[in-house]
Amino acid sequence: MTKEKILSRSVRMIFASGVAAGMGFAAQPAFSQEAAPQRVEITGSSIKRIAVEGALPVQTLSKAQIEQSGATTVADLVASLPSMQGFVTASTSINGGGGGVQTASIHAIGTSYTLVLLNGHRIAPYSTGSAVNLASIPLSAVERVEILTDGASALYGSDAIAGVVNFILKKNQQDLNLEVTYSTPETSAKGATSNVAISKGFGDLEKDGYNVLLAYSHDEQTELDASDRAFSANGGVQKFMNNGQQYSLYQTSGNSIPANVTVKGSGFSKSFNPAFVTTGACPAPNTFNVGNSCRYNFASTVEALPQLKRDGFLGLLNYKINDSTSFYAEALYSKFTSTARFAPPAQPLGVDINSALYQTYIVPAIVKLGVDPTKVTSSTMNLRLVDAGGRTDGWETNAKHVVLGLEGNLKGVDYNLSYTHSENKSVDNAVAGYTSGDKLAALFASGAYNPFIAPTATTKAALAPAVLHQVLDETVSKLDVLSARGSMELFKAPGGISQLGFGADFSKQNYADSPSAIAQGPNSLQPNWTDTNVGGGTGALPFDTSRNSWGAFGELLVPVIKNLDVTAAVRYDSYDAAKNSKNFDTAGNLIAPATQGNKASSSTYKLAVAYRPVDEVLLRGSYGTGFKAPSLSNITSPLSNGGSSNFHPCPITSGPLLPLCNGTAEYGLLTGGNPFTGDAGLKPEKSTQSTIGFRVEPTKSLSIGFDLWDVKLKDQIATLPESLVFDNPKTYAGLFSSYYDPIQKQNVLVAALTPFNIASSHYQGIDWDHTFTTATSFGKVALNWTGTYMLKAEQAVPGSDVEKSVGRFDAYNNVVFRVISKLAATWKPSATYTHTLTANYHSGYHDAPITADDGAVRKVNADGTLGDYVDSVRDVKSYTVFDWQTKARLTKSFTLTGGIKNLFNVDPPFSQRINGGGNQLGYDGRYTDPLGRQFYLVGNYKF
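No experiment lies behind these values; they were computed from the predicted model shown. (Residues numbered from 1 in each chain as written. Predicted model: local features only at pLDDT ≥ 70, side-chain atom pairs only at ≥ 80, totals over all residues. Heavy atoms only, no water.)

Visitor: Quick rundown of the overall build of the protein chain? Include the residues and the values.
Guide: Per the secondary structure count, the protein chain includes 12 helices and 52 strands. By the compact-globule yardstick of 30 Å for 943 residues, the protein chain fits well, its C-alpha radius of gyration being 29 Å. Here the protein chain holds 943 residues, and the buried ones make up 56% of them. Within the protein chain, residue pairs in contact and separated by at least 24 positions form 72% of the contacts whose partners lie at least 6 positions apart. With an accessible surface of roughly 37400 Å², the protein chain has 57% of that area assigned to carbon and sulfur atoms. Placing the 75 positive and 77 negative side-chain charges of the protein chain at their respective mean positions leaves the two points 3 Å apart. (Helix = DSSP H or I, 4+ residues; strand = E, 2+ residues; numbered from the N terminus. Rg over C-alpha atoms; globule rule 2.2 N^0.38 Å. Buried < 20%, exposed > 50% of the residue type's maximum accessible area, 1.4 Å probe, protein only. Contact = heavy atoms within 4.5 Å. Areas by Shrake-Rupley, 256 points an atom, 1.4 Å probe, with all protein chains shown as cover. Lys, Arg positive; Asp, Glu negative; His and termini not counted. Charge placed at Lys NZ, Arg CZ, Asp CG, Glu CD.)

Right, dumping it as structure tokens:
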């Protein structure tokens, strides 16, 4: 028998390990050339076939490649792939809206367009769409990962526009496997990671007719503070060079401690800090004076990485009922917590001009400034409640996932019947930093807490009764799926036997959001409630909604001629309108319709071609359509307080809203769903996807592959960009209104941002995957180079220019990198040792543009003093990090792996971005690693 070519072997390895979507069955890969060809199931197809097919661009990560990456979590593994951009990272939960989740996003198209499967089955999302929290999946239980970088709505239905990530769990393990990992940064133990995983298999599926696998894992990562790293320790005041001139990032806050004050009267407004005016100093840490006010350097107090903990339990059962029928069951439970801290609460609060605090601390400063106290009609303080601690959310996610199924062959039909129940419960716990508005007001009124002096142990103890330690919000997402699928040979075609795949599924999705009483604040559901969450969000509303859907598909594979296969697939999906419950106020009045949104349906199709003109060449291409149904929150989420905007000049120049202006400031936002029916309501988004690629094997040692892909979306559900609304106030005047803020206890200016089918997008790029292997006198050497080159990432909304995001910081505060690549060089001098050096590269990009009006960048004068605020246009440098790993198989049972991440201790490049979440300034924590050089050790023992 001739030696198998790299092309055949690589394609075989890509597809032999596939798992049919929704079928929950992993075929054993045919890695040996002596093994008989096996019919296997492929991610992206429902047809069992011989493992040398290759029409779809599927990337496969084996267990060895997962270990080689040095990743300790599923999220870290996904983030290391060049095809992934635009996902939610752990650092985003530090005041960035991450909510304790970590996600996947193929080709920067977005988390909600990437379908994540576990053993081919859907998982309950963390919200109301399909986006999955990767933190719920224990990496130690994963045998391999398959990434389909092509749209797959014609097979999977909604949400697979960008592609599919399929995590395949271990199967048919018999031994006891114990693995321990420890990773620590060079500078300190802060940010260290530890992992313990143990698994035991019972029974051999082939010999005994059954296999049971039980596994447990525990992972931890300690927090890392911005102050622990030189590049972020100075927070919002950092000097940098640009075109030979020195500048300083100058992003500090007027919410300070002791509190700043603004007093207003007929025809005047005066801002100052009473403590500074009376004593000549800003006495608290992280504060300094500007004029008569104190500024707070909030970015020096935040975390760079949150504390993470995860416990995962897995049980798998495979049982052969007879030679043609098998039963399988999967059960996964995961508990994940992310404890994320950012700056102490910053809150404008009204001050009663008749109160003792006002008379004792503010009036003397007013008099010293030459203001007549009798002319003052209102007073507001801008307070930083340092005594409450940094605002800390303990995000806790409990995930449960159960699958029961039958598979087998009946009269020539390979079938799979399955039921999936999956749920995700997420709880936001107030750990520190947030305070009760009622209790805080009582402390002010009684004089027990004084906001006009520097923090001390005494003031901290005085404030402690007002600090919240409770649940702020709880969401529960549930998904139930019944699925039936099959494949069979159909008829003889000129190139071989044609095959048919078919299936149907029925799904019910439910999502409930239950904000606590203090997170809701005063509303019709609790009319007698008065308390608010100072430093957090108040104004949320509960909702409980569900929706049923069903879909059916067919897929036909025809070998048109020898070495030319054509596959066609078509699918129809139907979604009911959303149904609400628990939307009644205390008087029993319905506050939202029982049925909201439109009933929707969609048909999608896909054509794919694989052609091998010679053994050394594979040509492939595909074209298809996709759709994404509106998420339940897109439709039913109540219009409620959406928090604060970024800093904007006041959008109002005249009229009744003008008194609500505060110059350049953070204004309020209202967010919610679109509950309307008919043309005013939401409809599914539509897409077209195409790929064309090739793989060439010019020699037995070299394999070269490229895929050009293209994705277009229309009728995309989006809200108008915040910056567009505030920069064009005349165009969007109808979105601005007055809103009574229950925390400030006064009316504030807000902009309402709700979703519509208003956007269109276009994404395009080239993926590559090249491999070179050779045997030398000093051992085996292998090179693997993978990467993505982005050609387009564009989005258009009405009234705005097309937003081009490749290589630049865009209006949505995101970056799409032009190039991301990974080059891994492996040297195996013997059967014992394997050494790998990996280079990870991100191209540079145009930084966030800063204007003088933003008040964020100042020129540094020749004498070192700070000059005026200026425009700043600059580029962020490229980012390259090298990793080293040595793996030693010391005995048949014991393997020891050691490595160094960020071998040359490269700091993240400087970025002047001031928006985008995290309160982290000076670098962008979403795209870079703040840990620096890290050392890790992994011990694996099999009994």
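Visitor: Can you lay out the sheet that holds strand 40 (residues 746–753) for me, pointing to particular residues and giving the numbers?
Guide: Taking strand neighbours across the sheet as the criterion, the 4 strands line up as 35-36-40-39 in an open arrangement whose pairing is mixed. Strands with a single pairing partner mark the edges of an open sheet, and in this sheet they are strand 35 (640–648) and strand 39 (736–741). Pairs of neighbouring strands in the sheet enclose a mean axial angle of 45°, with direction left out of account. As judged from the 5 bridges shared by strand 35 and strand 36 (residues 665–671), these two strands associate in the antiparallel manner. Residue pairing across strands places N641 opposite L670, the latter belonging to strand 36. (Pairing = 2+ DSSP bridges. Axes fitted to C-alpha atoms, helices over the stretch in contact; angles between N-to-C directions.)

Visitor: Describe the packing of aromatic side chains, listing the residues and the values that go with them.
Guide: Under the definition given, this model contains 23 aromatic pairs. Considering the side-chain rings of F231 and Y923, the 5.2 Å spacing of their centres and the 80° angle between planes classify their relative orientation as edge-to-face. Here Y923 lies in the loop between strand 51 (894–901) and strand 52 (934–942) and F231 lies in the loop between strand 11 (224–225) and strand 12 (237–242), a separation of 692 residues in the sequence. The same class applies to F231 and to Y923, which are both buried. Ring plane angle 80° and centroid distance 5.7 Å describe the contact between F882 and F904, whose orientation is recorded as edge-to-face. With a gap of 22 residues between them, F882 in strand 50 (residues 879–889) and F904 in the loop between strand 51 and strand 52 connect regions that are remote in the sequence. (Phe/Tyr/Trp six-rings, centres within 6.5 Å; stacked < 30°, edge-to-face > 60°.)

Visitor: Can you lay out the sheet that holds strand 6 (residues 142–148) for me, pointing to particular residues and giving the numbers?
Guide: Strands sit in the order 3-6-7-4-5 across an open sheet of 5 strands; the sheet is mixed. With one partner strand each, in any of the chains shown, strand 3 (58–61) and strand 5 (121–122) form the two edges of the open sheet. Examined bridge by bridge, strand 6 and strand 7 (residues 163–169) share 6 bridges and lie antiparallel to one another. Counterpart to V145 in the pairing with strand 7 is F167.

Visitor: Quick rundown of the pairing of strand 31 (residues 578–581)? Include the residues and the values.
Guide: Going residue by residue along strand 31, you find A578 and N580 tucked away on one face and K579 and S581 left uncovered on the opposite face. Summarising the sheet, strand 29 (residues 543–561) and strand 31 pair through 3 bridges and their orientation is antiparallel. Along strand 31, the bridge assignment pairs D544 with S581.

Visitor: Break down empty space enclosed by the protein for me, citing the residues and quoting the values.
Guide: Summed over all chains, the structure comprises 9 cavities of 30 Å³ or more. Looking at the largest cavity, its volume works out to about 480 Å³. Lining the largest cavity are 39 residues, and of these R122, L479, V481, S507 and Y575 sit closest to its centre. With 5 residues, the top contributor of residues to the lining of the largest cavity is strand 29. (1 Å grid on protein atoms, 1.4 Å probe; cavity = no way out; pocket = protein on both sides within 12 Å on 5 of 7 lines; lining within 4 Å. Points joined across faces, edges and corners; volume = space filled by probe spheres on them.)

Visitor: I'd like a description of the pairing of strand 26 (residues 471–493), backed by residues and values.
Guide: In this structure, strand 24 (residues 413–432) lies alongside strand 26, joined through 17 bridges in antiparallel fashion. Bridge pairing in strand 26 links S418 to S483. Sheet topology note: the strand 26/strand 27 (residues 496–515) ladder contains 19 bridges and is antiparallel. Bridge pairing in strand 27 places D473 opposite P515. Counted along the chain from strand 26 to the antiparallel partner strand 27, the turn is 2 residues long.

Visitor: Could you give me a rundown of the environment of D352, with the residues and numbers involved?
Guide: For D352, the location among the structural elements is in the loop between strand 21 (346–350) and helix 7 (356–368). The exposure class of D352 is partly exposed, given its relative accessible area of 48%. Here the alpha-carbon distance between D352 and T380, two residues 28 residues apart in the chain, equals 8.6 Å.

Visitor: Please give an account of the nonpolar core that cites residues and values.
Guide: In this structure, I362, M381 and L463 are the most contacted members of the largest nonpolar core, which totals 55 residues. Of all the secondary-structure elements, those providing two or more residues to this core are strand 13 (245–250), strand 14 (260–265), helix 7, strand 22 (376–384), helix 8 (437–446) and helix 9 (457–463). The contact partners of M381, leaving out residues within four places of it in the chain, are A259, N260, V261, Q347, P348, L349, V351, F444, P451 and F452. In terms of nonpolar packing, the next biggest core, distinct from the first, is built from 44 residues, A104, L118, A215 and L713 among them. (Core = buried A, V, L, I, M, F, W, Y, C linked by side-chain atoms within 4.5 Å.)

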